[in-house]
Amino acid sequence: MNEKGIKVGLVGCGQIADAHLQQIRRIPWAEPVAVCDLEPLLARQAAERFDIPGQFTSLEQMIEQSRPDVVHITTPVESHRLLAMQLLEAGVHVYVEKPFSVSVAEAQDVLDCARRNDRLVCLGHDQLFDPAWLECCKRIDAGEVGDVQHVESVLGYPLHGPFGTQVIANPNHWVRRLPGGLFQNTISHPLYRITEFLTDPEPELQASWFSRFKQIPFPTELRAHLRGEQVTGSLLFTSSTKPCHRLTRVYGTKGGLEVDLDSQLIRADKRNRYPGAFAKIEEPWRQVRESVANLSRNLCSFWKGELHYFEGMKRTFQLFYEAVRDGSEGPISYDEMIRVTQIMDRIFEECRRSDADRAGAKRLRRSSQTDELEGSKAESMAEQSIGSSSQRS
């Protein structure tokens, strides 16, 4: 660390790297010192866009020449384990963009390496630090919804957006090689909004995936249901509905809260105090007051320059850098990183098992239909044979 604070490097200058560099720039005491990518043009363009002095195609050279305190890994997930361990063994703290790893075993390898080298790892669960989500959790902690009973988490995915079209067009795209396919790249976001309240180490789960588009040769929809001792959860990943929402609804014994991260809105679901026709006036009036409160909060955030899509990312970075500077624990616990990654692995395994069950059921139906057809043919032939014998008699 230097007199300015934290020196930050980044490896992997693809689409999400711009978001990281933009948010790093918003932290006054964080200094982006270098970017690295195997493609020289990508490294040069990122360095020029964000006025970063160092640009490299070799991670070893970046570490040696720029001496970063923290490096952000924004490469495809298949490379996360090796890159993270290389950085940790070189004495560098690591921020890993989601998803953490291809499997929970790889995630455990990285965290074991961090402990051996006395360095910190942070995972990009940044929506936990989104202002609207923090406000929702504050209200839940204050008892507004009572005891949490169920969490419903929705992620609308823009499949025909810039990134999705690349995945569709390229059969060898790295996303399509993942065990969880399209979902593994983003499902951690809606999942950790559930596990924030569903704290069981190994909840029961059911999951399935499928496609709404016949021309797309991989699943584009996923549904998962989780059941813990006290809390249940449902996860909806959809590419077929519009608009593409990032919504969470938390249901409790006294009421509920809905958080819309895109619009930065929080809506309460409360039991009406008045009966009959008065309730039909009370509810719209409550929604008007709620809308005014949401508008006021968003205007205040806009005035402060904090109304950003990636505001939660910036806050996560800041908390992580503070932990690095102060020698304290990072904002995401290692246990939670492992738990979420393990649940993801189980979801994808359950989806594959569900696929195998459906395929087996289809084969059984086809076999049954074939048997019935063969049986009908045999009966018909037998009847014809009996008829011919009768005529000869």
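In the block above lies the structure referred to throughout.
Notes on the structure in this doc start here. (Residues numbered from 1 in each chain as written. Predicted model: local features only at pLDDT ≥ 70, side-chain atom pairs only at ≥ 80, totals over all residues. Heavy atoms only, no water.)

1. Section: the environment of Glu336
- Here Glu336 is to be found in helix α12 (residues 334-392).
- For Glu336 and Thr195, which are 141 residues apart along the polypeptide, the C-alpha to C-alpha distance reads 8.7 Å.
- A polar contact is formed between the side chain of Glu336 and the side chain of Arg339, at a distance of 3.0 Å. (Helix = DSSP H or I, 4+ residues; strand = E, 2+ residues; numbered from the N terminus. Polar contact = N/O pair within 3.5 Å; in protein donor to acceptor, adjacent residues only side chain to side chain.)

2. Some thoughts on the state of the cysteines
- Under the criterion given, the structure shown has zero disulfides.
- Distance from the sulfur of Cys36, which forms no disulfide, to the nearest cysteine sulfur (Cys13) is 7.3 Å.
- A relative accessible area of 3% places Cys36 in the buried class.
- Cys122 takes part in no disulfide bond, and the closest cysteine sulfur to it belongs to Cys113, at a distance of 16 Å.
- Given the relative accessible area of 1%, Cys122 is considered buried. (Disulfide = S-S within 2.5 Å. Buried < 20%, exposed > 50% of the residue type's maximum accessible area, 1.4 Å probe, protein only.)

3. Digging into the side chain of Lys7
- Take Lys7: it is sitting in strand β1 (residues 6-11).
- An unpaired buried charge is present at Lys7: no salt bridge exists, and Asp69, the closest side chain of opposite charge, is 6.3 Å distant.
- Polar side-chain contacts of Lys7 include one of 3.4 Å to the backbone oxygen of Arg67. (Lys, Arg positive; Asp, Glu negative; His and termini not counted. Salt bridge = Lys/Arg side-chain N within 4 Å of Asp/Glu carboxyl O.)

4. With respect to unusual backbone geometry
- Geometrically, the link from Lys98 to Pro99 is a cis peptide bond, its omega value of -10° lying close to zero.
- Within the secondary structure, Pro99 is located in the loop between β5 (93-96) and α5 (104-116).
- Along the chain, Lys242 connects to Pro243 via a cis peptide bond; the corresponding omega equals 0°.
- For Pro243, the location among the structural elements is in the loop between β10 (232-238) and β11 (246-252).
- Positive phi values are uncommon outside glycine, yet Arg67 reaches one of about 50°.
- Tracing the backbone through its elements, the reader meets Arg67 in the loop between α3 (59-66) and β4 (70-73).
- Of note, the phi angle at Gln264 is positive, near 55°, even though the residue is not glycine.
- Looking at the secondary structure, you find Gln264 in the loop between β12 (256-260) and β13 (265-269).
- Of the residues examined, Gln264 reaches a relative accessible area of 10% and is grouped as buried.

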